2 protein chains.
Amino acid sequence: MRWAPDARGRLERAAFELFAQQGYAETTVPQITARAGLTTRTFFRYFADKREVIFGGDEIPEFAASLIRAAPPGLAPVEVVRSVLREVAATRFDGHREETAAWRRIVAADDSLRERDALKRADLVVAAQAAFVDRGEAPPDARLIAELGALVFHVALDAWLAQSSPASMAEATDAVLDRLHLERSIAAGPSR
Amino acid sequence: MRWAPDARGRLERAAFELFAQQGYAETTVPQITARAGLTTRTFFRYFADKREVIFGGDEIPEFAASLIRAAPPGLAPVEVVRSVLREVAATRFDGHREETAAWRRIVAADDSLRERDALKRADLVVAAQAAFVDRGEAPPDARLIAELGALVFHVALDAWLAQSSPASMAEATDAVLDRLHLERSIAAGPSR
């Protein structure tokens, strides 16, 4: 068998093209591998199942948690949220708007994908809460701050994708955060 | 066949007892019906599957949306959120803390239930957003307000269940809302 350079990327591209064209539920693994010019055996070396093609590369909860832990000590939680969202936006989303929009459309059209997506958001909250606890926040405060961060991220993502002349995703996260005016909230830190 | 008074309630009680005792995944429909003294045929008249016993009666998204639409015109969104959460808390949760705690423990212990629960939260946001749009909010504002309402509800629910000397769930939703200080936010209405 010929060695397949970037087999994972080829499978992902083939899968997303087929999901967008004919729907996620209607697409089979053999169709994906045929389009990618690879075997189903190769497919299952990279992905446990079809749904993993959509969500398998998504390590945002872990990435966000590591950024929260690495933020300067003493920085107010709302400013930690701001800087972490900017970093996630700039490194994972800006420059990838078209692919992100295609991915959101595929997810929105299938209830089993919406369900997994919703669980990913819950996982993000759990990971971010743990990271804020590590920064010294009481668990209930850390939960509320983590929920706010996940809310801003998801609302900003949809707003950014809906813009006709899009600014950067990092500007979108800032804009949502600003509209919440959290200066007096639990997220504003010890001086609140 | 003898008519079974409150067959649905008997099946629910039997199911929750077994889920709590031996785990959701380990419990079969025949075990549930045997405990309830009913047939599997009766079970499937009330529930499409085992997961429906956990989530089948949950019409909170529709209930919350109808309350949002019925709130006085001109009431600031954040006050609509406050009154709707109080009403949902008082009518659906207060007085049912033990059952609610048992339900949350069962959900938290099983990833397929966590996933469905997360989707229910997404459905709540969709229903509440549509209701706020009907009240005249622009869709992006309605989305943000709906997300805030769902956030307060879920954070308050867990806080209420964690309290050793619990106040009412309605007080818990008020407390979370107060900690967010949304007076200057998009949710504060036209005078913001």
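The structure we're discussing is the one just above.
Residues numbered from 1 in each chain as written. Chains lettered and ligands numbered in written order. Predicted model: local features only at pLDDT ≥ 70, side-chain atom pairs only at ≥ 80, totals over all residues. Heavy atoms only, no water.

### A closer look at the side chain of Thr33 of chain B
Residues and elements named next belong to chain B.
Next, step 1: By the element assignment, Thr33 lies in helix H2 (residues 29–36).
Next, step 2: A polar contact of 3.0 Å, which involves the side chain of Thr33, links it to the backbone oxygen of Pro30.
Next, step 3: Sequence-distant contacts of Thr33, defined by excluding residues within four places in its chain, comprise Leu11, Leu38, Thr39, Thr40 and Phe43. (Helix = DSSP H or I, 4+ residues; strand = E, 2+ residues; numbered from the N terminus. Polar contact = N/O pair within 3.5 Å; in protein donor to acceptor, adjacent residues only side chain to side chain. Contact = heavy atoms within 4.5 Å.)

### Here's the deal with helix H5 (residues 60–70) of chain A
Next, step 1: Those residues of H5 of chain A not exposed but buried are Ile60, Pro61, Phe63, Ala64, Ala65 and Ile68 of chain A.
Next, step 2: Against helix H6 (77–93), helix H8 (111–134) and helix H9 (139–162) of chain A lie the buried residues of H5 of chain A. (Buried < 20%, exposed > 50% of the residue type's maximum accessible area, 1.4 Å probe, protein only.)

### Let's talk about the nonpolar core
Next, step 1: Counting residues in hydrophobic clusters, the biggest one holds 130 residues, and the most contacted among them are Ile54 of chain A together with Ile54 and Phe93 of chain B.
Next, step 2: In contact with Phe93 of chain B, not counting residues within four places along its chain, are Ile60, Val88, Thr100, Trp103, Phe153, Leu157, Trp160 and Met169 of chain B. (Core = buried A, V, L, I, M, F, W, Y, C linked by side-chain atoms within 4.5 Å.)

### Some words on unusual backbone geometry
Across the chain, the bulk of peptide bonds are trans and the bulk of non-glycine residues have phi less than zero.
Residue and element names in this part refer to chain A.
Next, step 1: Although it is not a glycine, His181 adopts a positive phi angle of roughly 45 degrees.
Next, step 2: Along the chain, the position of His181 falls in the segment after helix H10 (169–180).
Next, step 3: According to the relative accessible area criterion, His181 is partly exposed, its value standing at 23%.

### Examining the interface of chain A and chain B
Next, step 1: Contacts between chain A and chain B engage 29 residues on the former and 29 residues on the latter.
Next, step 2: For the chain A and chain B pair, buried surface summed over both sides reaches about 2,600 Å², with 55% attributable to carbon and sulfur atoms.
Next, step 3: Considering only the side of chain A, the residues that lose the most area to chain B are Glu115, Leu144 and Arg179 of chain A, jointly responsible for 24% of the buried surface there.
Next, step 4: If you look at where chain A meets chain B, you find 14 salt bridges.
Next, step 5: The interface formed by chain A and chain B holds 16 residue pairs in polar contact (both at pLDDT 80 or more) in total.
Next, step 6: Those elements that provide at least two residues to the side of chain A that touches chain B are H8, H9 and H10 of chain A.
Next, step 7: No other element matches H8 of chain A, which puts 10 residues into the side of chain A that touches chain B.
Next, step 8: Tallied by class, the residues present in the side of chain A that touches chain B amount to 12 nonpolar, 3 polar and 14 charged. (Buried area = accessible area lost by both parts, 1.4 Å probe. Salt bridge = Lys/Arg side-chain N within 4 Å of Asp/Glu carboxyl O. Nonpolar A, V, L, I, M, F, W, Y, C, P; charged D, E, K, R; others polar.)

### Some points on the relation of the copies chain A and chain B
Next, step 1: Its rotation angle being 180 degrees, the transformation that places chain A on chain B also includes 0.0 Å of axial translation and leaves an RMSD of 0.0 Å. One copy is carried onto the other by what is essentially a two-fold rotation axis. Residue Ala118 of chain A, judged by its C-alpha, is the member of chain A lying nearest the rotation axis, at 2.5 Å.
Next, step 2: A shared binding surface is used by both copies, with 100% of the interface residues of chain A retained as interface residues in chain B. (Least-squares fit on C-alpha atoms with pLDDT ≥ 70 in both.)

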